[in-house]
Amino acid sequence: MKFVKSAICIQCGEEHHALPGLTTCRQCGGLLDILYDYPAIAANLSKQDLAARQDNTMWRFREFLPVAEESVAAGLLSSGLKVGGSPLYPAKALGGQLGLSSLFIKDDGLNPTASLKDRASALAVIKAIEAGADTIACSSTGNAASSLAGNAAARGLKTFIFVPSRAPKGKVAQLMMFGAKVISVEGSYEDTFRLSAEAIDRWGWYNRNAAINPYMLEGKKTVALEIAEQLNWQAPDYVAISVGDGCTIAGVWKGFKDLYETGFIDKLPRLISVQAAGCCPINNAVDADSETLVPMEENTLADSIAVGVPRNFLKAVRAIKESKGITVNVSDQEILEAMALLGKTQGVFGEPAGVTGTAGLIKALAEKRIPADATVVSVVTGNGLKDIANAINAAGQPLLLPPDLERLAGEFKNLGWLS
Ligand SMILES: *Cc1c(COP(=O)(O)O)cnc(C)c1O
Ligand SMILES: [Zn+2]
């Protein structure tokens, strides 16, 4: 960990050695943040160095990541799944429809297990190996679990996974396929989290729970590092992100700040924090200018962001405020509409939580909270094939008919499909 200085508590300020098995503050139990030696990074890494690198996975930014030198030397960075390097599409068609001149879609559903969570899990698995663990556990709304199971399987580690029983079948199928021991908990995500914490305590597995483990955010921040490089080191004006636990949005902010501190970019974007109206405790706190969490029920079909008690609450709230960000809450209907619109206009297929950022952007534009000449990146955080039921809800059913050309012609006429 060449450029890591320490892990500092965001609540009491206590500094800790950044050990691989580190979770929360030993003094007060608060969340920890990994601190870097930015001048040293700047002295050792340039834009030209990066441009010359062949590796287009998240590890191309290894100077910004908390990985032990021994792991690098052992070739761990190149031996796992290929995480990161997702495309940043100029979304001309969708931008045109929304009246936005410069819109980009970062499709992180194209990661190996089809969500942005791979960025955290790829790092989690390396930290587990560094901690000498052979078994990793987490609780998840679905994607953290499937990404952990996949990234661990690729390196021969065992996983215990706790998911709420409402997790979509596609995500559970991934878990089973990757050989995880899966516990489907009859209860909310909060219940699931609690059971996993108790089990981790009892059996001593490596803990990949986002927000409890400070390294998860470090992995997720690589999406921001990529966006900045793909935009030729021009930070966008806004980045729209869907928010559940709050680890992703705090990670995005950390990534841009890392680049700002090292002089790779010269301004910071504003965050658009998008939550489901049926479960928006982080946005509520930001709106109330409060750092006190008021838990909510988990009433949304966007299962990946149905988090009533967000574990990364404080980091997320502070990130949104620091960025002078805006909050947007969207209905399930608005999420499904965004899903279909993104698919139709850009050929990008996101799961409900995957497109919630886009849904929020659409709403914020309609309410004129974002100028039409802004450069905006909307991150699609998970692939739509994970949740087919909601995809069909959003896009509808196909035309069903017997193999009869005249019937087909008749239906075409009725539907106006040839005009
Ligand atoms: C986990 C997840 C999010 C939200 O990330 P948090 O760190 O929980 O805020 C958004 N979209 C998808 C698809 C996810 O899996
Ligand atoms: Zn503390």
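First, a word on what this report is: a plain description of the structure on this page. (Residues numbered from 1 in each chain as written. Chains lettered and ligands numbered in written order. Predicted model: local features only at pLDDT ≥ 70, side-chain atom pairs only at ≥ 80, totals over all residues. Heavy atoms only, no water.)

Before going further, it helps to spend a moment on the overall build of the chain. Looking only at helices and strands, the chain features 18 helices and 13 strands. Here the chain has a C-alpha radius of gyration of 21 Å; the compact-globule value for 419 residues is 22 Å, and the two agree. Dimensions of the chain along its principal axes, counting C-alpha atoms only, are 70 × 45 × 45 Å. Within the span of the chain, comprising 419 residues, buried residues form 57% of the whole. Partitioning the intrachain contacts of the chain with sequence separation of at least 6 by distance along the chain shows that 71% fall at a separation of at least 24. When the accessible area of the chain is evaluated, it comes to approximately 16,900 Å², of which 52% is carbon and sulfur surface. One way to put it: in the chain the 40 positive side-chain charges average out to a point 2 Å from where the 44 negative ones average out. (Helix = DSSP H or I, 4+ residues; strand = E, 2+ residues; numbered from the N terminus. Rg over C-alpha atoms; globule rule 2.2 N^0.38 Å. Buried < 20%, exposed > 50% of the residue type's maximum accessible area, 1.4 Å probe, protein only. Contact = heavy atoms within 4.5 Å. Areas by Shrake-Rupley, 256 points an atom, 1.4 Å probe, with all protein chains shown as cover. Lys, Arg positive; Asp, Glu negative; His and termini not counted. Charge placed at Lys NZ, Arg CZ, Asp CG, Glu CD.)

Below, the discussion takes up the site of ligand 1. Taken together, 16 residues lie near ligand 1, and K117, N143, G246, T248 and T381 sit nearest. Here G246 contributes a backbone N or O atom positioned 2.7 Å from an oxygen atom of ligand 1. The backbone of C247 places a nitrogen or oxygen atom 3.0 Å from an oxygen atom of ligand 1. Surface burial for ligand 1 is 97%, taken as the share of its 380 Å² of free accessible area covered by protein chains. (Near = heavy atom within 4 Å. Polar contact = N/O pair within 3.5 Å; in protein donor to acceptor, adjacent residues only side chain to side chain.)

Let us now look at the packing of helix 15 (residues 332–346) against helix 16 (residues 352–366). What describes two packed helices is the angle between their axes and the distance between those same axes. Put simply, helix 15 and helix 16 touch, their axes get as near as 8 Å, and they point 95 degrees apart. In terms of orientation, helix 15 lies roughly perpendicular with respect to helix 16. Every residue of helix 16 that contacts helix 15 at E334, I335, A338, M339, L341 and L342 is listed here: P352, V355, T356, T358, A359, I362 and K363. Of the residues contributing to the contact of helix 15 with helix 16, the split by class is 9 nonpolar, 2 polar and 2 charged. (Axes fitted to C-alpha atoms, helices over the stretch in contact; angles between N-to-C directions. Parallel < 35°, antiparallel > 145°, perpendicular 65-115°, else oblique. Nonpolar A, V, L, I, M, F, W, Y, C, P; charged D, E, K, R; others polar.)

On to the pairing of strand 3 (residues 32–36), then. The buried fraction of strand 3 is high, at 4 of 5 residues. Of the pairings in the sheet, the one linking strand 1 (residues 4–9) to strand 3 comprises 5 bridges and is antiparallel in character. Along strand 3, the bridge assignment pairs S6 with L35. (Pairing = 2+ DSSP bridges.)

Protein ligation of the zinc ion (ligand 2) involves C9 (SG), C12 (SG), C25 (SG) and C28 (SG), the donor distances falling in the range 2.3 Å. The site at the zinc ion (ligand 2) holds 4 donor atoms, and with the angles between them running 99 to 115 degrees, its shape is tetrahedral. Mapping the donors of the zinc ion (ligand 2) onto the primary sequence yields the spacing C-x2-C-x12-C-x2-C. One end of the pair, C12, is in the loop between strand 1 and strand 2 (15–16); the other, C28, is in the loop between strand 2 and strand 3, with 16 residues separating them in the sequence. (Donors = N, O, S within 2.8 Å, 3.2 Å for Na, K, Ca; no water. Tetrahedral: all angles 85-135°; square planar, octahedral: opposite > 155°, others 65-115°.)

Our focus in this paragraph is the sheet that holds strand 9 (residues 206–207). Reading across from one edge, 8-7-6-9 is the order of the 4 strands in this open sheet, with parallel pairing throughout. A single partner strand is all that each edge strand has here, and the edge strands are strand 8 (181–185) and strand 9. Pairing of strand 7 (residues 158–164) with strand 8 involves 5 bridges; the strand directions are parallel. Along strand 8, the bridge assignment pairs I161 with V182. Across the sheet, helix 7 (residues 143–153) is in contact with strand 6 (135–139) and strand 7; its angle to strand 7 comes to roughly 170 degrees. Each of strand 6, strand 7, strand 8 and strand 9 touches helix 9 (residues 189–203); the most contacted strand, strand 7, lies at about 150 degrees to it.

Right, let's get into the packing of aromatic side chains. Counted according to the given criterion, the structure contains 6 aromatic pairs. Measuring from centroid to centroid gives 6.3 Å for Y36 and Y38, while their planes differ by 35 degrees, and the two rings are tilted. Judged by relative accessible area, Y36 falls into the buried class, the value being 3%. Feature note: the residues F64, W233 and F264 constitute an aromatic cluster, connected by ring pairs. Here the guanidinium or amino end of R60 rests over the ring plane of F61, the centre of that ring lying 5.8 Å away. Of note, K127 hangs over the ring of Y215, and the distance from its end group to the ring centre comes to 4.6 Å. (Phe/Tyr/Trp six-rings, centres within 6.5 Å; stacked < 30°, edge-to-face > 60°. Lys NZ or Arg CZ within 6 Å of the ring centre and 35° of its normal.)

The next point concerns helix 11 (residues 222–230). Among the 9 residues that make up helix 11, 8 are buried, leaving the element largely enclosed by the rest of the structure. Regarding helix 11, the residues found buried are T222, V223, A224, L225, E226, I227, A228 and E229. Downstream of helix 11 by a residue or two, N232 has a phi angle that is positive, lying close to 60 degrees.

Moving on to helix 18 (residues 405–415). The residue sitting at the N-terminus of helix 18 and contributing the capping side-chain oxygen is D404; that oxygen lies 2.9 Å from the backbone nitrogen of E406. One or two residues past the end of helix 18 sits G416, with phi positive at roughly 70 degrees.

Together, F349, L385, I388 and I392 make up a nonpolar patch on the protein surface, roughly 350 Å² of accessible area in all. Tracing the backbone shows I392 in helix 17 (residues 388–395). (Patch = residues over 30% accessible without salt bridge, like charges linked within 9 Å, V, L, I, M, F, W, Y side chains within 5 Å. Salt bridge = Lys/Arg side-chain N within 4 Å of Asp/Glu carboxyl O.)

Counting buried positions over the 7 residues of strand 11 (residues 270–276) gives 6, a clear majority of the element. Bridge count between strand 10 (residues 238–242) and strand 11: 5 bridges; the pairing is parallel. Bridged to S242 within strand 11 is V274. In the classification by handedness, the crossover that spans strand 10, the intervening helix 12 (residues 247–261) and the parallel strand 11 is right-handed. Across 5 bridges, strand 11 lies against strand 12 (residues 326–330) in parallel orientation. Paired with S273 across the two strands is T327, which belongs to strand 12. (Right-handed = clockwise from strand over helix to strand, strands pointing away.)

Remember, this is a structural readout, not a statement about activity or role.
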